[in-house]
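# Examination of the molecular architecture
Each chain is listed here by its residues.
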Amino acid sequence: MESPSMDREAVNRCVQVVAEAGVRLGGKPKRYSNSQFGDTLELRFASRKRGRPLLLLGHLDTVWPLGTLRRMPFRIALEPGGERIAGPGIYDMKAGVTMALTAIEILQKTDQLSRPVTLLLVSDEEVGSLFSRPITEKLARESAAVFVLEPAQGRTGAYKTARKGVGDYTLRVRGVAAHSGVDFTSGHSAIEELARQIEQIRGFTELERGLTLNVGVIRGGSARNVIAAHAEADIDVRIARAGDAARIDKKLKKLRPRDPRCVLSIEGGVNRPPMERSRATVALFRQAQTLARQMGFALDEASTGGGSDGNFTAALGVPTLDGMGAVGEGAHATHESIFRKDLAPRTALLAAMIGSAER
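Scoring rules and cut-offs
- Residues numbered from 1 in each chain as written.
- Predicted model: local features only at pLDDT ≥ 70, side-chain atom pairs only at ≥ 80, totals over all residues.
- Heavy atoms only, no water.
- 1 Å grid on protein atoms, 1.4 Å probe; cavity = no way out; pocket = protein on both sides within 12 Å on 5 of 7 lines; lining within 4 Å.
- Points joined across faces, edges and corners; volume = space filled by probe spheres on them.
- Helix = DSSP H or I, 4+ residues; strand = E, 2+ residues; numbered from the N terminus.
- Nonpolar A, V, L, I, M, F, W, Y, C, P; charged D, E, K, R; others polar.
- Axes fitted to C-alpha atoms, helices over the stretch in contact; angles between N-to-C directions.
- Parallel < 35°, antiparallel > 145°, perpendicular 65-115°, else oblique.
- Left-handed = near helix turned anticlockwise from the far one by under 90°.
- Contact = heavy atoms within 4.5 Å.
- Pairing = 2+ DSSP bridges.
- Core = buried A, V, L, I, M, F, W, Y, C linked by side-chain atoms within 4.5 Å.
- Buried < 20%, exposed > 50% of the residue type's maximum accessible area, 1.4 Å probe, protein only.
- Expected span 1.5 Å × (residues − 1).
- Arc of directions from axis to C-beta.
- Polar contact = N/O pair within 3.5 Å; in protein donor to acceptor, adjacent residues only side chain to side chain.

What follows is about the layout of surface pockets. The computed volume of the largest pocket comes to approximately 460 Å³. Forming the walls of the largest pocket are 21 residues, and the residues nearest its centre are Met 1, Ile 90, Lys 94, Ala 95 and Thr 98. Elements with a minimum of two residues in the lining of the largest pocket: helix 1 (8–24) and helix 3 (90–109). Tallying contributions element by element places helix 3 first for the lining of the largest pocket, with seven residues. Size it by volume and the second largest pocket reaches roughly 350 Å³. Forming the boundary of the second largest pocket are 19 residues, of which Asp 92, Glu 150, Arg 163, Gly 306 and Gly 307 lie nearest the centre. Contributing elements (two or more residues each) for the lining of the second largest pocket: helix 3 and strand 8 (159–163).

Let's shift gears to empty space enclosed by the protein. Summed over the entire model, instances satisfying the criterion amount to one cavity of 30 Å³ or more. Estimates place the volume of the largest cavity at around 30 Å³. For the largest cavity, the full set of lining residues is Leu 57, Gly 58, His 59, Met 93, Glu 125, Val 148, Glu 150, Ser 308 and Asp 309. In terms of residues, the lining of the largest cavity owes the most to one element, strand 3 (residues 54–59), which gives three residues. Residue composition of the lining of the largest cavity, by class: three nonpolar, three polar and three charged.

Turning next to the packing of helix 3 against helix 9 (residues 343–355). Put simply, helix 3 and helix 9 touch, their axes get as near as 9 Å, and they point 60 degrees apart. Relative to helix 9, helix 3 is oriented oblique. Relative to helix 9, the crossing made by helix 3 is right-handed. On helix 9, the residues that touch Met 99, Ala 100, Thr 102, Ala 103, Ile 106 and Leu 107 of helix 3 are Leu 343, Arg 346, Thr 347, Leu 350, Ala 351, Ile 354 and Gly 355.

It is worth spelling out the pairing of strand 5 (residues 82–86) at this point. The two faces of a sheet get side chains in turn, since along a regular strand they alternate between them. Pairing of strand 4 (residues 75–79) with strand 5 involves five bridges; the strand directions are antiparallel. Considered in strand 5, the bridge of Leu 78 is made with Glu 83. Summarising the sheet, strand 5 and strand 18 (residues 337–339) pair through three bridges and their orientation is antiparallel. Paired with Ala 86 across the bridge in strand 18 is Ser 337.

A few words on the nonpolar core. Ranked by internal contacts, the top residues of the largest apolar core, which has 48 residues, are Leu 56, Leu 119, Phe 147, Leu 321 and Ile 354. Counting only elements with at least two residues in this core, the list comes to helix 1, strand 2 (40–45), strand 3, helix 3, strand 6 (117–122), strand 7 (145–148), helix 7 (279–295) and helix 9. Of all the elements, helix 3 adds the most residues to this core, at 11 residues. If we skip the residues at most four places from it in the chain, Ile 354 touches Leu 54, Leu 56, Ala 103, Leu 107, Leu 113, Arg 115, Val 117 and Phe 147.

Turning our eyes to something else, we now look at the side chain of Thr 136. Of note, Thr 136 is situated in helix 4 (residues 133–141). With relative accessibility at 0%, the residue Thr 136 sits in the buried group. Setting aside residues no more than four positions away along its own chain, Thr 136 makes contact with Leu 55, Leu 57, Leu 120, Val 122, Asp 309 and Thr 313.

For an α-helix the count is 3.6 residues per turn, leaving residues at separations of three or four pointing the same way. Here helix 5 (residues 190–202) is 13 residues long and its end C-alpha atoms lie 18 Å apart, about the 18 Å a rise of 1.5 Å per residue gives. For helix 5, the set of buried residues is Ala 190, Glu 193, Leu 194, Gln 197 and Ile 201. Viewed end-on, helix 5 has its buried residues packed into an arc of 100 degrees, placing them on one side of the element. More than 90 degrees from the buried face of helix 5, the exposed residues found are Glu 199 and Arg 202. Two or three places before Ile 191, at the start of helix 5, stands the capping residue Ser 189, its side-chain oxygen 3.2 Å from that residue's backbone nitrogen.

Turning next to the pairing of strand 6. Within strand 6, six of the six residues are buried, which leaves the element mostly enclosed by the surrounding structure. Neither face of strand 6 is exposed, since Val 117, Leu 119 and Leu 121 on one face and Thr 118, Leu 120 and Val 122 on the opposite face are all buried. Pairing analysis gives five bridges linking strand 2 to strand 6, with the strands arranged antiparallel. Paired with Leu 43 across the two strands is Leu 119, which belongs to strand 6. Here strand 3 runs beside strand 6; their pairing, made up of six bridges, is parallel. The residue bridging His 59 from the neighbouring strand is Val 122, located in strand 6.

This part is about the environment of Met 93. The topology assignment puts Met 93 in helix 3. Overall, Met 93 belongs to the buried group, its relative accessible area being 1%. Sequence spacing of Met 93 and Ala 46 is 47 residues, and the spatial spacing of their C-alpha atoms is 25 Å. Among residues more than four places away in sequence, those in contact with Met 93 are Gly 58, His 59, Leu 149, Glu 150 and Pro 151.

Function-wise, these values are silent; they only describe arrangement.
Okay, structure coming up:
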């Protein structure tokens, strides 16, 4: 089913299908509605033991617009070494949702669901989780741990124990317009000022700290023969350490124009804190690594520059393990796909982690 973030009705059709599947497994559904995005779906599964629940976290929205299935249909294709299952959103991250439901079903059928489980699937993750973040944080505070169903890292399928925080800023420059042929010296170019600022912003990157800034989009000017009165740039910020959020924010907001006739303004901020590699997260990973070894395969850990809703829960101090979904490649790309051979063992590992004793 197609479920682009900004198509509320399409996302809600997908939410309804998953809600019905959860109810068939004994889940108690709750939907959080808003006027802009699709509903956030909460499914609570009771167990024979009481205690703090385990939160399984994922999302149902995708980056793909309606109609993508016509040119990227769901398909199972043979390739050297096995089969690949492809389709828009299958890797990021509908396979992870399917794995979670299957893992819960396995544990119920074998009477091994030894703790309450909450499955939370948001519908605005790909566009910043603005509506769902408070819901995610509330449920995380009630939980013993969080397992994030986002894709595993790389072809080896590593679990993610660290993620960078994400920020976005927009720098705007207001200059003085003038005719470039008739009155050149009266103009003060916003584009030229923006270029000077971009060079300064480039110097804020500190690779050794995992701090990067990228000016990804620039806009400005009105015509070839007009000295630009306006220009702006969109800046992507990634941080590995929580303490760098305030530091880079201060640097960006202290920018001053080189041309005194130009005026700068900047807005934005860090909207996802980093998921730092904590002792509690490493303990969860070690447990998963041991279980995987007992099942006959190796499990590695990795960090990534991309963010997920696990960033929010880890920042609260709740033990969070990420990348527990499918193994594949091509998130947000036309070759998005998962490896079929990894589905069963990875789902078994997820079930084993959910069914393990209280941590």
